[in-house]
Amino acid sequence: MGRVIGSVLAVLLAVVAVAGDRIAPNNADTQFADRAWAPPMSIRIDGVAPYVNPQVLEDRLARIYTNDTSTRIPLRVFASGRAIAAEDTDEGPVLLLGADALGRDVLARVAEASRYSLGVAIAGALLALLIGTLFGALAASIGPRTDRAIITVADALASLPVIYIVLTLRAALPLVLVPSDVFIALSLLFGLVGWPFTARGVRGIMHREWALPYAEAALAAGASRLRVLVVHLLPATFGFLGTQFLLLVPGFLISEVTLSFLGLGFPEPTPSWGTMLQAASNVRVMAEAPWMLAPAVALALTSLALHLLSGRRKDALTVFSRAR
Amino acid sequence: MTGSRLIRRGLSALLFIALMSSVALVLARVAPGDYTDVLRTSRLSDEAVERERARLYLDRSLPELSLVWLSGLPRLDMRESYRYARPVTTLLAERTPRTVGLVGAALLLSLLAGVLWGTIRARAGTRVAGAMDAITGVAVAVPSIVLLFGLLAVAVRTGLLSHIDQSIAMPLAGMLALAVPASAGIGALHAQALEEALAEPWAQASASRGLSTTRLAWKLGMRIALTRLTSVTPLVAANILGASLLVEVVTGWAGLGRLTFDAVVARDVFLVAGCTAAVSALIAAASLASDVIVRLLDPRTREEHG
């Protein structure tokens with residue numbers, strides 16, 4: 001049951017990440033005048049036709065908005081290249097999850113941010129799997145000295161909290177980077193700090209597999225060690241690598257959120273869940289504009305989906321073995 | 001654990017601290033620009049800027065800088081922070097106990113709550129166990145920072161925050177946010193261990209001879225908690241320490257996490273290395289303490305390792 005819920009959630013999140021701000025009626029970077037801190041609009045249904053009532057700014061200083069119930073803005077699903085589109089009217093923008101301080105659509109920004117936040121976490125996890133598999137295979141296949149050297153480095157790196165290592169590595173890069181450079185830099189950093197978790201597991205599996213009769217038989221039949229390693233032993237690690245991927249992504253997601261929150265990740269106006277949470281971290285914003293916490297909900301749902309998919313109950317110890 | 005083994009572990013820990021902090025020092029130094037860049041835009045002469053660079057060891061090559069760092073480390077002389085113009089050791093002595101307090105309180109709470117939760121879960125019927133597993137799954141998966149935002153939002157919306165002193169409410173919320181996922185993880189681990197132990201033939205025999213299941217679970221549970229949980233405590237502590245960085249920033253808790261961030265942003269080379277040394281020392285100390293306690297509690301480990 002958990003895996004089914006996890007799979008459904010993961011598919012939905014993947015669709016949102018691919019679609020980006022096409023999920024919402026507005027673009028993520030469009031600023032609407034007189035819509036700063038506008039609250040979310042309620043979707044109403046008349047028969048089968050969904051609509052919203054336009055908002056009217058009553059008091060600019062007190063940020064008081066009222067709904068004009070005498071007017072309707074019809075909504076369309078999968079129209080004009082968007083998942084939810086509003087008919088062109090002069091009644092102002094449709095803001096289903098409200099607006100931020102600059103009058104930008106929060107729904108569009110959360111959806112667009114999932115591309116960056118999830119994208120960099122997935123790229124980092126894939127790189128960590130690649131490096132970890134390489135080092136794990138080398139440790140298990142070359143000899144005891146290489147094995148000891150690799151595993152000592154892996155143990156030392158894996159013992160420290162990932163975010164402290166990422167922060168220290170981040171210190172070696174310029175503080176201000178353009179978004180594309182941030183994406184590449186963070187993916188590389190995550191790959192560099194995430195490999196020990198994969199390498200230890202791959203090494204263990206390969207050590208066990210090398211001792212099995214089928215590996216010995218393949219060597220006796222004349223196959224080279226490299227061929228046995230790649231063709232016969234590597235497939236035995238695929239199940240572990242899949243689980244490891246699901247463990248690494250949430251950890252890197254939190255690392256990205258932390259770095260962007262601290263101003264060392266994606267810069268404004270590029271939306272990421274970390275930069276958006278930074279804007280919501282003020283107590284007054286939490287009180288007056290709780291819809292700004294939407295990225296926290298997205299982060300929780302993503303983390304939950306990946307956790308359910310990995311079926312963590314089987315081995316409770318893995319709870320603490322992820323790259324957090 | 002024998003004395004010689006303890007000394008070996010201690011020496012490895014010191015080597016680990018020296019190595020990690022040196023790597024951090026090099027990384028912080030290879031970044032383009034340095035702390036004195038801002039002085040070049042001021043009215044200071046080039047000679048004055050160069051004198052300042054020499055005073056802060058910024059005119060040294062990477063090997064020289066590493067030597068300066070490593071030579072001071074045995075005396076706990078970690079040089080001076082550029083940003084704070086104070087000795088790094090003094091700053092760490094002020095900030096580290098605050099992080100240890102936050103992380104330690106969260107760890108203690110999560111161990112107590114986790115053992116209680118796990119013991120109840122191991123003895124629960126199928127339906128209750130299923131519900132408890134679902135709650136555990138959600139609590140483990142939701143990151144501490146999300147929980148912190150949730151707690152603060154509820155406190156703000158209900159007006160609770162205006163009734164409590166923020167200097168108490170913010171770290172309390174931070175501690176709870178750190179403890180919840182860890183408690184759930186420990187609870188799952190403990191329940192798993194207890195279920196396995198209660199299925200052992202000797203446990204079944206004790207039960208059949210009249211030992212109450214409650215007593216069996218709690219007596220056995222405590223032993224498992226003390227041995228098995230002690231061995232995973234460093235891992236849990238490292239998890240909480242990692243999550244505490246952002247929690248410290250959001251709650252305004254002036255600990256090691258906040259200091260590390262300040263050091264990275266200011267390109268404060270010695271402070272970056274000092275913070276890494278402090279984090280490495282905390283992890284090494286937790287690991288060493290856990291090893292000693294496990295060996296004291298479990299005679300089998302003494303027989304295995306001598």
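Residues numbered from 1 in each chain as written. Chains lettered and ligands numbered in written order. Predicted model: local features only at pLDDT ≥ 70, side-chain atom pairs only at ≥ 80, totals over all residues. Heavy atoms only, no water.

Enquirer: It is not clear to me how the packing of aromatic side chains should be interpreted in this structure. Could you clarify?
Expert: Here the distance between the centres and the angle between the planes together describe a pair of aromatic rings. Scanning all chains against the criterion turns up seven aromatic pairs over all chains. Aromatic pair Tyr57 of chain B and Phe270 of chain B: ring centres 5.8 Å apart, planes at 90 degrees, arrangement edge-to-face. Of this pair, Tyr57 of chain B sits in the loop between α3 (46–55) and α4 (62–72) while Phe270 of chain B sits in helix α13 (residues 269–297), and the two are 213 residues apart along the sequence. Residue Tyr57 of chain B is classed as partly exposed on the basis of its relative accessible area of 21%. Under the relative-accessibility criterion, Phe270 of chain B is labelled buried at 0%. For Arg72 of chain A, the ring lying beneath its charged end belongs to Tyr51 of chain A, and the centroid distance is 4.1 Å. Residue placement shows Arg225 of chain A over the ring face of Trp210 of chain A; its charged tip is 4.3 Å from the ring centre. (Phe/Tyr/Trp six-rings, centres within 6.5 Å; stacked < 30°, edge-to-face > 60°. Helix = DSSP H or I, 4+ residues; strand = E, 2+ residues; numbered from the N terminus. Buried < 20%, exposed > 50% of the residue type's maximum accessible area, 1.4 Å probe, protein only. Lys NZ or Arg CZ within 6 Å of the ring centre and 35° of its normal.)

Enquirer: Even after reading the chapter, I still don't get the confidence of the model for chain B, so can you show me in this structure?
Expert: Any residue range with low pLDDT should be treated as having predicted coordinates unsuitable for detailed reading. Across chain B, the average pLDDT comes to 89, with 98% of residues at or above 70. With a pTM of 0.89, the predicted complex shows an ipTM of 0.88. (pLDDT = per-residue confidence, 0-100.)

Enquirer: Is there a simple way to explain the pairing of strand β4 (residues 64–67) of chain A in this structure?
Expert: Strand residues, when the strand is regular, have side chains that alternate between the two faces of the sheet. Residue and element names in this part refer to chain A. With four bridges joining them, strand β3 (residues 55–59) and β4 adopt antiparallel strand pairing. If you follow Leu57 over to β4, its bridge partner there is Tyr65. The turn linking β3 back onto β4 is made up of four residues, and Arg63 within it adopts a positive phi angle of 55 degrees. (Pairing = 2+ DSSP bridges.)

Enquirer: I'm lost on helix α7 (residues 144–157) of chain B in this one. Help?
Expert: One turn of the α-helix equals 3.6 residues, which is why residues spaced by three or four share an orientation. Residue and element names in this part refer to chain B. Along its 14 residues, α7 runs 20 Å from first to last C-alpha, staying within 8% of the 20 Å computed at 1.5 Å per residue. Buried within α7 we find Ser144, Ile145, Val146, Leu148, Phe149, Leu152, Ala153, Ala155 and Val156. Looking one or two places after α7, you find Gly159, whose phi comes out positive at around 80 degrees. (Expected span 1.5 Å × (residues − 1).)

Enquirer: Which parts of the structure should I look at to understand the interface of chain A and chain B?
Expert: Where interface size is quoted, it is often the accessible area lost as the parts come together. Across the boundary between the two partners, chain A contributes 45 residues, which contact 55 residues of chain B. Taking both partners together, chain A and chain B bury about 4400 Å²; carbon and sulfur atoms supply 76% of that area. Where chain A meets chain B, there are zero salt bridges. Linking chain A with chain B are five residue pairs in polar contact (both at pLDDT 80 or more). For the side of chain A that touches chain B, the secondary structure elements donating two or more residues are α3 (144–159), α4 (162–170), α8 (238–261), α9 (273–280), α10 (283–288) and α11 (294–310) of chain A. A per-element tally of the side of chain A that touches chain B places α11 of chain A first, with six residues. Here the residues of the side of chain A that touches chain B are counted per class, giving 33 nonpolar, seven polar and five charged. (Contact = heavy atoms within 4.5 Å. Buried area = accessible area lost by both parts, 1.4 Å probe. Salt bridge = Lys/Arg side-chain N within 4 Å of Asp/Glu carboxyl O. Polar contact = N/O pair within 3.5 Å; in protein donor to acceptor, adjacent residues only side chain to side chain. Nonpolar A, V, L, I, M, F, W, Y, C, P; charged D, E, K, R; others polar.)

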